[in-house]
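Spelled out, the chains give:
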Amino acid sequence: DASSVLRENVSYFMNHVALLNQLIEQMISITETVYDSEDEDDSTVGSSRTVSTTTITSEIDRAAKLARKRNNVIKEVADSEKQYLTNLRTLKNIYILRLTSDAKGSPPLSIEDAKIIFGNLDEIVGLSETFLSALTHKLVNWSAENTIGDVFNDHAMFFKIYVMYTNGYEYGVKK
């Protein structure tokens with residue numbers, strides 16, 4: 001059912017955002033460790049406190065691995081949104097159309113009921129298109145310094161349109 005799919009997608013995105021934040025924090029920590037080690041090395045020239053090349057190399061390898069994971073997570077968020085948009089369009093253009101039209105006379109669902117159940121689906125499709133476009137733009141211009149948190153922040157207030165959509169759920173279950 002559409003409402004549970006919506007809840008699953010929102011939950012999925014929130015989990016990815018949380019994972020992304022963890023990866024970013026780990027990257028910052030690694031970067032600070034390497035820079036702190038270099039600073040210590042510079043300030044203790046001639047002493048026994050030096051950072052080995054192996055340590056720095058392993059930290060760089062670890063940072064590169066985390067960067068790959070971060071890139072995979074960001075790509076997965078965009079891919080998930082693309083699939084979600086495809087599913088919304090399928091719902092709108094195939095299922096709702098079939099439910100509200102019947103060549104044999106009486107459609108299984110009246111247009112009025114469809115409007116109540118799927119209320120603002122057109123707005124949700126539009127939001128998903130805009131959100132995906134912003135994510136895609138970020139990915140095309142991606143670098144290690146980029147983030148996608150601003151895309152979520154820019155669209156956060158628009159996610160409230162899901163409230164109207166989920167309100168139609170109870171009516172749809174009764175039908």
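Conventions we followed
Residues numbered from 1 in each chain as written. Predicted model: local features only at pLDDT ≥ 70, side-chain atom pairs only at ≥ 80, totals over all residues. Heavy atoms only, no water. Phe/Tyr/Trp six-rings, centres within 6.5 Å; stacked < 30°, edge-to-face > 60°. Helix = DSSP H or I, 4+ residues; strand = E, 2+ residues; numbered from the N terminus. Buried < 20%, exposed > 50% of the residue type's maximum accessible area, 1.4 Å probe, protein only. Core = buried A, V, L, I, M, F, W, Y, C linked by side-chain atoms within 4.5 Å. Contact = heavy atoms within 4.5 Å. Axes fitted to C-alpha atoms, helices over the stretch in contact; angles between N-to-C directions. Left-handed = near helix turned anticlockwise from the far one by under 90°. Nonpolar A, V, L, I, M, F, W, Y, C, P; charged D, E, K, R; others polar.

S.K.: Just checking my understanding: could you explain the packing of aromatic side chains for this structure?
M.R.: Both the distance between ring centres and the angle between the ring planes are used here to describe each pair of aromatic rings. Counting across every chain of the model gives three aromatic pairs. Ring centres 5.1 Å apart and planes at 70° place the aromatic pair Phe131 and Phe152 in the edge-to-face group. Taken as a pair, Phe131 in helix α4 (residues 121-140) and Phe152 in helix α5 (residues 149-155) lie far apart in primary sequence, 21 residues in all. Exposure class is identical for Phe131 and Phe152. Each is buried. Consider the rings of Phe131 and Phe159, whose centres lie 5.5 Å apart with planes at 80°: the pair is edge-to-face.

S.K.: I keep staring at the nonpolar core and nothing clicks. Help me out?
M.R.: For soluble globular proteins, nonpolar side chains are generally found buried alongside one another. Counting 16 residues, the largest nonpolar core has Leu88, Leu91, Ile96, Phe118, Leu121, Ile124 and Tyr165 as its most contacted members. Counting residues per element, the ones that place at least two in this core are α2 (53-100), α3 (111-118), α4 and α6 (161-174). Look past the residues within four positions of Ile124 in its chain and what remains in contact with it is Tyr84, Leu88, Ile161, Tyr162 and Tyr165. The next biggest cluster of nonpolar side chains, apart from the first, holds eight residues, and it includes Ile74, Val77, Ala78 and Leu135.

S.K.: Any chance you could explain the packing of α2 against α3 here in plain terms?
M.R.: Any two packed helices are characterised by the angle at which their axes cross and by the distance between the axes. Between α2 and α3, the least distance of the axes is 10 Å, while the angle of their chain directions is 145°. Helix-helix and strand crossings are classified by hand; for α2 and α3 the assignment is right-handed. From α2, Leu91, Ile96 and Thr100 reach across to α3, where they touch Ile111, Ala114 and Phe118. Taken together, the residues of the contact of α2 with α3 sort by class into five nonpolar, one polar and no charged.

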